[in-house]
Amino acid sequence: MTKRDKQILRHLYNFRFLSTNQLLDLMSLSGNKIELTYMRKRLKELADCEVVDRNRKILYQSYIYNLSDFGYQELNEDVKRHVKFGGRNLIHELFVADTLIYMCKFLSYDFNDYLTEEQLLLDDIEIVEEESVFTSEVIKKMKDNKKHLGDLVFSNETVIEVEISRKRKSRLFTNLEQNKKNYKKQIWVIYEHDKYIENVIKKFDEEIQIIYIETIIRKLGRELFYG
């Protein structure tokens with residue numbers, strides 16, 4: 001298991017599900033550019049060793065990867081957090097990963113200063129970057145003060161919500177209020193055609209930034225859902 005392999009596994013741990021091209025983008029953003037041919041070959045080898053699981057269904061243009069039980073063990077993480085392939089959660093997690101990639105590539109957000117909701121739910125978070133603003137003290141304060149955790153947090157100031165399913169208006173308002181209380185800025189990523197969610201957000205605060213999922217997919221050049 002190489003250092004590069006461990007980075008691939010860590011990305012899969014943070015986002016739960018990733019496509020080949022998403023892994024390429026994440027590795028590139030972290031300073032480890034890899035050729036597509038090599039990435040495909042190495043992912044197949046990791047799958048053959050049962051360190052990662054991979055699945056491909058009609059909906060997707062490429063394999064979707066997630067950690068196996070052995071993958072969690074390689075990272076010394078709790079196997080109980082293993083998430084099985086499928087369901088609405090899968091689509092949501094893929095969109096969260098693409099949102100991060102989009103924010104870093106096109107909106108100049110710092111790749112070294114983000115946390116996913118999956119990381120924030122952990123009792124003990126490993127911060128790889130020494131210069132990260134997410135110190136142990138900051139993370140403890142975030143957990144103590146926030147009842148609601150967003151999908152992505154940048155520099156402890158900006159929270160990003162990826163919302164692909166309709167929730168009750170009261171629940172959306174609760175999340176909006178929690179975000180306003182705990183962060184300087186909140187960004188919502190939604191489907192362009194879903195005017196219900198957009199109207200709820202705008203009714204709460206017209207100044208909240210909205211990014212359409214279709215824009216992210218188009219800018220990243222994804223095919224169908226994920227190529």
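Refer to the structure printed above.
Structure report, in brief. (Residues numbered from 1 in each chain as written. Predicted model: local features only at pLDDT ≥ 70, side-chain atom pairs only at ≥ 80, totals over all residues. Heavy atoms only, no water.)

1. A short note on the nonpolar core
Heads up, the condition is: Definition of nonpolar core: a set of buried residues of the types Ala, Val, Leu, Ile, Met, Phe, Trp, Tyr and Cys, connected through side-chain atoms within 4.5 Å. To sort residues, take the accessible area from a 1.4 Å probe on protein chains only and compare it with the maximum for the residue type: under 20% means buried, over 50% means exposed, and anything in between is partly exposed. Starting at the N terminus, helices and strands are each numbered in turn, a helix being any DSSP run of H or I of at least four residues and a strand any DSSP run of E of at least two. Residue contacts follow a heavy-atom distance rule, with two residues in contact if any of their heavy atoms lie within 4.5 Å.
In terms of nonpolar packing, the biggest core is built from 46 residues, with Phe15, Val52 and Leu100 touching the most fellow members. Here this core gets nine residues from one element, more than from any other, and that element is helix α5 (residues 88–106). Apart from residues no more than four positions distant in its own chain, Leu100 is found in contact with Phe15, Leu26, Phe111, Tyr114, Leu152 and Phe154.

2. What to know about the sheet that holds strand β1 (residues 18–19)
Filter applied, for reference: Paired strands, in this sense, are two strands between which DSSP finds at least two bridges.
The three strands are arranged β1-β3-β2 in an open sheet whose pairing can be described as antiparallel. Each edge of the open sheet carries a strand with a single partner, namely β1 and β2 (52–55). Of the strand pairs in this sheet, β2 and strand β3 (residues 64–67) are connected by four bridges, and their pairing is antiparallel. Paired with Val52 across the bridge in β3 is Leu67.

3. Here's the deal with the sheet that holds strand β5 (residues 152–154)
Formally: Only the stretch in contact is used when a helix axis is fitted, and all axes are lines through C-alpha atoms; the angle between N-to-C directions ranges over 0 to 180 degrees.
On the basis of which strands lie adjacent, the open sheet formed by five strands has the order β4-β5-β6-β7-β8 and mixed pairing. The open sheet terminates on both sides in strands that have one partner only, identified here as β4 (114–116) and β8 (209–212). Here the strands of the sheet are splayed against their neighbours by 20° on average, with no regard to which way each runs. In the sheet, β5 pairs with strand β6 (residues 158–162) via three bridges, with the strands oriented antiparallel. Opposite Leu152, over in β6, you have Ile160 as the bridge partner. With respect to the sheet, helix α1 (residues 3–15) is in contact with β4 and β5, its orientation differing from that of β4 by roughly 60°. Contacting β6 and β7 (185–190), helix α8 (residues 169–182) crosses the sheet at an angle of about 145° to β7.

4. Details of the packing of aromatic side chains
To keep it simple, the criterion reads: Side-chain rings of Phe, Tyr and Trp, where Trp is taken by its six-membered ring, are said to pair if the distance between their centres is within 6.5 Å; with planes under 30 degrees apart they count as stacked, over 60 as edge-to-face, and otherwise as tilted. Lysine NZ or arginine CZ positioned within 6 Å of the ring centre and within 35 degrees of the ring normal marks a charge as sitting over the ring.
For the structure on display, the rule yields nine aromatic pairs. Between Tyr109 and Phe154, the ring centres sit 4.8 Å apart and the planes meet at 55°, which makes this aromatic pair tilted. Pair noted here: Tyr109 is in the loop between α5 and β4 and Phe154 is in strand β5, with a separation of 45 residues, a long-range link. The class of Tyr109 is buried, set by a relative accessible area of 19%. Given a relative accessible area of 3%, Phe154 falls into the buried group. Taken together, a centroid distance of 5.5 Å and an interplanar angle of 80° make the contact between Phe173 and Phe204 edge-to-face. Placement of Phe173 in helix α8 and of Phe204 in helix α9 (residues 195–204) is noted, with a sequence separation of 31 residues between them. Through a chain of ring-to-ring contacts, the aromatic side chains of Phe15, Tyr109, Phe111, Tyr114 and Phe154 assemble into a single cluster. Here the basic side chain of Arg10 rests over the ring of Tyr13, its NZ or CZ set 5.3 Å away from the ring centre. In this structure, Arg54 is placed above the aromatic ring of Tyr63, and the distance from its NZ or CZ to the ring centre is 3.9 Å.

5. Looking at α8
Note: α-helices contain 3.6 residues per turn, so residues at a spacing of three or four share the same orientation. Heads up, the condition is: For a helix, the expected span equals 1.5 Å multiplied by the residue count minus one. This arc describes the spread of directions from the helix axis toward the C-beta atoms.
Between its terminal C-alpha atoms α8 stretches 20 Å, which fits the 20 Å expected from 14 residues at 1.5 Å a residue. Along α8, the residues classified as buried are Leu172, Asn175, Leu176, Gln178, Asn179 and Asn182. Each buried residue of α8 lies within a common arc of 160° when the element is viewed along its axis, so the set occupies one face. Those residues of α8 that are exposed and angled more than 90 degrees off the buried face are Lys180 and Lys181.

6. What to know about the pairing of β6
Defined as follows: Every crossover in which the path from the first strand over the helix to the second runs clockwise, viewed with the strands pointing away from the viewer, is termed right-handed.
Here β6 lies mainly inside the structure; five of its five residues are buried. In β6, alternate side chains face the same way, and those of Thr158, Ile160 and Val162 on one face and Val159 and Glu161 on the other are all buried. The pairing of β6 with β7 spans five bridges and is parallel. Its bridge partner being in β7, Glu161 is matched across the sheet by Trp188. Chirality of the crossover, the property in question, places the unit of β6, α8 and β7 among those that are right-handed.

7. Remarks on the pattern of salt bridges
Which entries qualify depends on this criterion: We define a salt bridge as a side-chain nitrogen of Lys or Arg found within 4 Å of a carboxyl oxygen belonging to Asp or Glu.
Tallied over the full model, the rule gives 12 salt bridges. Residue Asp5 is joined to Arg42 by a salt bridge in which the shortest nitrogen-to-oxygen separation is 2.5 Å. Of the two residues, Asp5 sits in helix α1 while Arg42 sits in helix α3 (residues 36–48), which places them 37 residues apart along the sequence. Using a relative accessible area of 0% as the deciding quantity, one classes Asp5 as buried. One salt bridge in this structure joins Lys44 and Asp48, with 3.0 Å as the shortest N-O distance.

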